[in-house]
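Architecture at a glance
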Amino acid sequence: MAEKCSEGLLNGAVPGERSKQDKSVKRGNWGNQIEFVLTSVGYAVGLGNVWRFPYLCYRNGGGGCYGGMGFGGPKRAGAAEPCWGVQGAARSHCGLCLPGAFMFPYFIMLVFCGIPLFFMELSFGQFASQGCLGVWRVSPMFKGVGYGMMVVSTYIGIYYNVVICIAFYYFFVSMTRVLPWTYCSNAWNTLDCVGVLDGNLSSHAAVNLTRLFNATQKRTSPSKEYWRRYVLNLSDDIGNLGEVRLPLLGCLGVSWVVVFLCLIKGVKSSGKVVYFTATFPYVVLTILFVRGITLEGALTGIMYYLTPQWDKILDAKVWGDAASQIFYSLGCAWGGLITMASYNKFHNNCYRDSIIISITNCATSVYAGFVIFSILGFMANHLGVDISKVADHGPGLAFVAYPEALTLLPISPLWSILFFFMLILLGLGTQFCLLETLVTAIVDEVGNEWIIRRKTFVTLGVAVAGFLLGIPLTTQAGIYWLLLMDNYAASFSLVVISCIMCVAIMYIYGHRNYFKDIEMMLGFPPPLFFQICWRFISPAIIFFILVFTVIQYRPISYNEYVYPTWAISIGFLMALSSVICIPIYAIYKVCHSEGDTLLERLKNATKASKDWGPALAEHRSGRYAPAFSPSTESHLEVQPLHPEKARNEAAAASPAQGSNGSAHSQDSRL
């Protein structure tokens, strides 16, 4: 008994409340809370933590050490000096290490926007035990927000798995004695290709190589030509699809098969897989970090990553990039957080989980920066060039710059295999949740026993559709379409969706109602800080991100290629396709709501439905005490501990059930 009480308190159960069945037999639950935390970490920690955050931190000023006696050490143009000597040794007068020009707004946005929104979505899904569609029983008019989340997750799921398939391809081709992008002696190489390990590279040629880097910039690396001319066989225009790259198509099939097999039994199977997929990337990061910091020039790379540029602290772009990175990295407004939390037990302490997962995500981003820039610093030192010439982000970092740096290491195929295996695992962790978001939304929306028993077939259908829709991204123009989707399909639309979600919960449903719901679930109301953030600060920050995104908008380009107007128009249509769901469904709901006037219809459309609340009947107390009408009974899962005894008691009490049940219901709502 003591163990059960202790377990209940650890899970956030209300002290003094009688023991209740806290599992949903109908939908299923996580095997334990570790599975949920690891899945959420895998969902939040993705490719962007490795290939976007370090570059943003470097580009926007990074961070550094600040001491009471000032800064010391070498200085780069426009940057404050770090507390390091010329040889990299820490100076004795160096003071406390503090966040720099980018890390400072990054952590500010994490505290005031990232963690509060993360907690809101987790608590939202956990309280109702529903996916991104079912939770909008809280205010049916805003169900379009859930559809918008589904559209966003669909777009991201399509192109995200293509990135994973490219990582699979590099992983497979790395299983060789010599990496194929090491030398310039291949059929796909041009006369401009200059490899740092070419056997005929004399000292004179090495000087010319440095001159090419620092002046003409005409030199192309073997890894870049391998990426553009062999892996992608890149076409000259986004409209020129060319042929399907069969190796990539095969790897895309492998990616979707792996995702499907891991989700074949829903959270019961994926919850076991994440023990490996969410933890092993940290093992690989640590191995690469230890190897990286032992290389000559690694400290130079790390200093470029960390050295603060305090003049940028007032630059709105720095704050906008920080807010956008927090927003995108944590996966807010994708629907995945709501979905994953919906499989929690009702009394799970999601407040604790939200803080743990958010901090883990951001710490991983910072840690990955050390891994990336230690290797890039070594590469820049080896080539005798400034690190800005080799620093990159996105596909350019993952498939060009970093692979080229790996060729300089002894046993380079081993390090390449580890790196791309890490990218695969990081991508799969996010992809699991994207697919589960769509499947859960479909199954919850239909809601009958037939589709619940056939959830595996729904998963298979979504996976097959994702594979077919991803085929155009494996063509010669596929990278153009992938970047178009990445820049438009999940950009400002996420901000709009999140902002409307905050307004709907805090001001339409009512902040007092929501705070009481959380207290009923966790045993304590949300802390005052979160209450203030949800009502005022977080929506204001989200609005700032939206304004910043509009002001800072620049047409997309890929290297020297500028996208045509028609392609950019398609990008905007993809962005609008998720946002447009909100007003369309709102109009539909108002038109089909009861009421003689528009105001009455509007009130009824925004009012919480009768089946809003905890999914299990034993958790519906107080204002959620069920009246057991047919409409509500169909959505509740009643699980008596002793079925035979319950039926006998119900039969004996049937003559007086109407009056007693009614009186109990009225008393409970007071």
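Residues numbered from 1 in each chain as written. Predicted model: local features only at pLDDT ≥ 70, side-chain atom pairs only at ≥ 80, totals over all residues. Heavy atoms only, no water.

1. Here's the deal with the side chain of T182
One can find T182 in the loop between α6 (143–173) and α7 (203–216). Residue T182 is classed as buried on the basis of its relative accessible area of 6%. What T182 contacts, discounting residues up to four positions off in sequence, is L197, P222 and T407. (Helix = DSSP H or I, 4+ residues; strand = E, 2+ residues; numbered from the N terminus. Buried < 20%, exposed > 50% of the residue type's maximum accessible area, 1.4 Å probe, protein only. Contact = heavy atoms within 4.5 Å.)

2. Thoughts on the packing of aromatic side chains
One pass over the structure, following the stated rule, counts 63 aromatic pairs. Where W30 meets F36, the ring centres are 6.3 Å apart and the plane angle is 50°; that geometry is what we call tilted. Taking relative accessible area as the criterion, F36 reaches 0% and is therefore assigned buried. Geometrically, the ring pair formed by Y170 and Y226 is edge-to-face, given 5.9 Å between the ring centres and 85° between the ring planes. Here Y226 lies in helix α8 (residues 222–231) and Y170 lies in helix α6, a separation of 56 residues in the sequence. Judged by its relative accessible area of 2%, Y226 falls in the buried class. The ring of Y343 carries R27 above its face, with NZ or CZ at 4.4 Å from the centroid. (Phe/Tyr/Trp six-rings, centres within 6.5 Å; stacked < 30°, edge-to-face > 60°. Lys NZ or Arg CZ within 6 Å of the ring centre and 35° of its normal.)

3. As for helix α20 (residues 478–488)
For α20, the buried fraction is high: nine of the eleven residues fall into the buried class. Among the residues of α20, G478, I479, Y480, W481, L482, L483, L484, M485 and Y488 are the ones counted as buried.

4. Considerations on the UniProt feature "binding site: Na(+) 1" (unreviewed entry) in the protein
In this structure's numbering, the residues bearing the UniProt feature "binding site: Na(+) 1" (unreviewed entry) are G42, V45, S329, N361 and L426. A maximum C-alpha distance of 12.2 Å among these annotated residues, which run over 385 residues, shows that they cluster at one spot. Note that G42 resides in helix α2 (residues 33–44). With residues near it in sequence (within four places) discarded, G42 still touches A278, L426, G429 and T430. With respect to the helices and strands, N361 occurs in helix α15 (residues 350–383). The contact partners of N361, leaving out residues within four places of it in the chain, are A44, V45, N49, S329 and L330. In terms of polar contacts, N361 uses its side chain to reach the side chain of N49, at 3.0 Å. (UniProt positions renumbered as here; feature names shortened; annotations may be inferred. Polar contact = N/O pair within 3.5 Å; in protein donor to acceptor, adjacent residues only side chain to side chain.)

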